[in-house]
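Examination of the molecular architecture
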Amino acid sequence: MSAELISRLSHRPSELLNSMITISDPPKPMDANFQDRLSSIGILDKLPLKLLYHEVLSELDFQSLTRLARVSIQGKYIIQSFPAYRALMNHASHALAALGQTKLIHLHSASDLLTALRTERCATCPEYGAYLFLPTCERCCWQCLRSHPMRRVISPAAAGRLFALSLEMRRQLPVMFSIPGTYGVPCTPTERSTKLCSMFAAKEVALSAHGSTKNLTQAVRSRDPRWQTARCLQAVLEGWACLDSIKIPPEQGDVGVGRYFGMASIPFPSLAAPDVIEHGLWCKGCEWTYKRYEDHQLSAQVVANIRYPDYELSRMATRAHSRIGLLAHVQRCYGAQQLLADEEVEESRASINLQ
């Protein structure tokens, strides 16, 4: 019954999934069937396999793991049998390809990537995170990627202006290079690669350089006294007081959609249990409710019970769920219950017509 209910009330909206990085031809796992041939990985041969996995390989990034696999046949076999490598190559090779193409793959260890794969929750709110924010290797939901200041990327020059960073300070920023493609819900095409950095990294460098939030704020205001810059900086430094991305009022924390929205994130599955993979499901009921509201067909009584209807309903329609989360959600979702009731009416009518 649960599988049937999920099939009837869930979907995966292409406009949300395709608004991020897309990888059309992800890499395949290595095929290493040469373990019987004599080979060596040098001094690492002396380590027990469990110790090698957990204390050495887990701390390496995938670029280093790939290089180790090229050292020898034994190296190739060891990497192929490494559990973190297998899990990520089998379920998230597209994300590894995106990290490689954006020049970020050296920043994150196999352990960090595996932790993200085994996590379901967004790093900045309680919701299911259907995407990976590449600069920080953290799972995120659509709304946090869209609105949270720490989940956006900007040019190093813009980071310099916003955080009062000198050229020498900007050189400390870990940078990425965007992948040409189409991004955002309007699917805006970009044909050139752009050098970018995360707002989070810029904030950390700025606080380290200026010594305190107070000093940073003073340095920024002395350079750029405009209120827009001050508001953006305040949102970055203070974050959101509320962790629930659905309930955050529109005037709090939301500094608009970033110019480079989607260029640093990719749809990312979650490994709930060995070989139990989730890709995120969206509620058809929430989509139905929001469309009815946009068409001025939603019950006035329902609208009256929502403080910020346009804001909250649009966020609900873009919120992803795990399978278990969706089953719990549809029990209390107004739109989902309406869809089920409409289906029952249609089934009754069809039954009558057959008699």
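Quick look at the structure, then.

Reading the values: the criteria
Residues numbered from 1 in each chain as written. Predicted model: local features only at pLDDT ≥ 70, side-chain atom pairs only at ≥ 80, totals over all residues. Heavy atoms only, no water. Helix = DSSP H or I, 4+ residues; strand = E, 2+ residues; numbered from the N terminus. Buried < 20%, exposed > 50% of the residue type's maximum accessible area, 1.4 Å probe, protein only. Contact = heavy atoms within 4.5 Å. Areas by Shrake-Rupley, 256 points an atom, 1.4 Å probe, with all protein chains shown as cover. Pairing = 2+ DSSP bridges. Axes fitted to C-alpha atoms, helices over the stretch in contact; angles between N-to-C directions. Phe/Tyr/Trp six-rings, centres within 6.5 Å; stacked < 30°, edge-to-face > 60°. Parallel < 35°, antiparallel > 145°, perpendicular 65-115°, else oblique. Nonpolar A, V, L, I, M, F, W, Y, C, P; charged D, E, K, R; others polar. Disulfide = S-S within 2.5 Å. Core = buried A, V, L, I, M, F, W, Y, C linked by side-chain atoms within 4.5 Å.

A separate point is the overall build of the protein. Counting its regular elements, the protein contains 19 helices and 13 strands. Looking at the protein residue by residue over its 355 residues, the buried ones come to 49%. Taking all contacts inside the protein whose residues are at least 6 apart in sequence as the whole, residues at least 24 apart take part in 72%. Only carbon and sulfur atoms are counted for the fraction: they give 51% of the accessible area of the protein, which is about 18400 Å².

Right, let's get into the sheet that holds strand 1 (residues 10-11). On the basis of which strands lie adjacent, the open sheet formed by three strands has the order 1-12-13 and antiparallel pairing. The sheet terminates laterally at strand 1 and strand 13 (320-321), the two strands that pair on one side only. Relative to the sheet, helix 15 (residues 284-294) contacts strand 1 and strand 12 (281-283), its axis offset from that of strand 12 by approximately 40 degrees.

Here we take up the packing of aromatic side chains. The tally for this structure, following the rule as stated, stands at five aromatic pairs. Here the aromatic rings of F62 and Y85 are separated by 5.9 Å at their centres, their planes lie at 20 degrees, and the arrangement is stacked. Placement of the pair is F62 in helix 4 (residues 62-69) and Y85 in helix 6 (residues 83-91), with a sequence separation of 23 residues. Aromatic pair W142 and F261: ring centres 5.1 Å apart, planes at 90 degrees, arrangement edge-to-face. Separated by 119 residues along the polypeptide, W142 in helix 9 (residues 142-147) and F261 in the loop between helix 14 (227-238) and strand 9 (265-267) bring together distant segments of the chain. Among the residues examined, W142 registers a relative accessible area of 6% and is labelled buried. An aromatic cluster of at least three residues, connected via ring pairs, comprises Y131, W142 and F261.

A few words now on the packing of helix 5 (residues 73-81) against helix 6. It is the contact of helix 5 with helix 6, at a shortest axis distance of 5 Å, that shows an interaxial angle of 70 degrees. Classified by the angle their axes make, helix 5 and helix 6 are roughly perpendicular. Within the contact between the two elements, helix 5 uses I79, Q80 and S81 and helix 6 uses P83, Y85 and R86. Grouping the amino acids of the contact of helix 5 with helix 6 by side-chain chemistry returns three nonpolar, two polar and one charged.

The next thing to look at is the state of the cysteines. If you walk through the whole model with that rule in mind, you get zero disulfides. Take C141: it sits in no disulfide, and the sulfur closest to it among the cysteines is that of C144, at 3.6 Å. A relative accessible area of 5% means that C141 is categorised as buried.

Two pairing modes exist for strands in a sheet, parallel and antiparallel, and in both the strands are linked by backbone hydrogen bonds. If you walk across this open sheet you meet the three strands as 4-8-5, and the pairing is antiparallel. Bordering the open sheet on either side are strand 4 (153-154) and strand 5 (176-177), each of which pairs with just one other strand. Running over the sheet, helix 12 (residues 199-210) touches strand 4 and strand 8 (195-198) and is turned about 65 degrees from strand 8.

Attention now goes to the pairing of strand 8. Pairing of strand 4 with strand 8, which is carried by two bridges, proceeds in the antiparallel orientation. Note on strand 8: the bridge partner recorded for V153 is S198. Note that strand 5 and strand 8 share two bridges and pair antiparallel. From the neighbouring strand, F177 faces strand 8, where its bridge partner is K195.

L57, F62 and Y131 are the most contacted members of the largest nonpolar core, which totals 63 residues. L57 has contacts with L52, L65, L68, I78, I79, F82 and A110, leaving out every residue within four places of it along the chain. With 21 residues, the next largest nonpolar core counts M150, A164, L173 and C232 among its residues.

This part covers helix 17 (residues 309-317). Burial analysis of helix 17 places seven of its nine residues in the buried class, which makes it a mostly covered element. Of all the residues in helix 17, the buried ones are P309, Y311, E312, L313, S314, R315 and A317. In this fold, the buried residues of helix 17 make contact with helix 9, strand 12, helix 15 and helix 16 (300-304).

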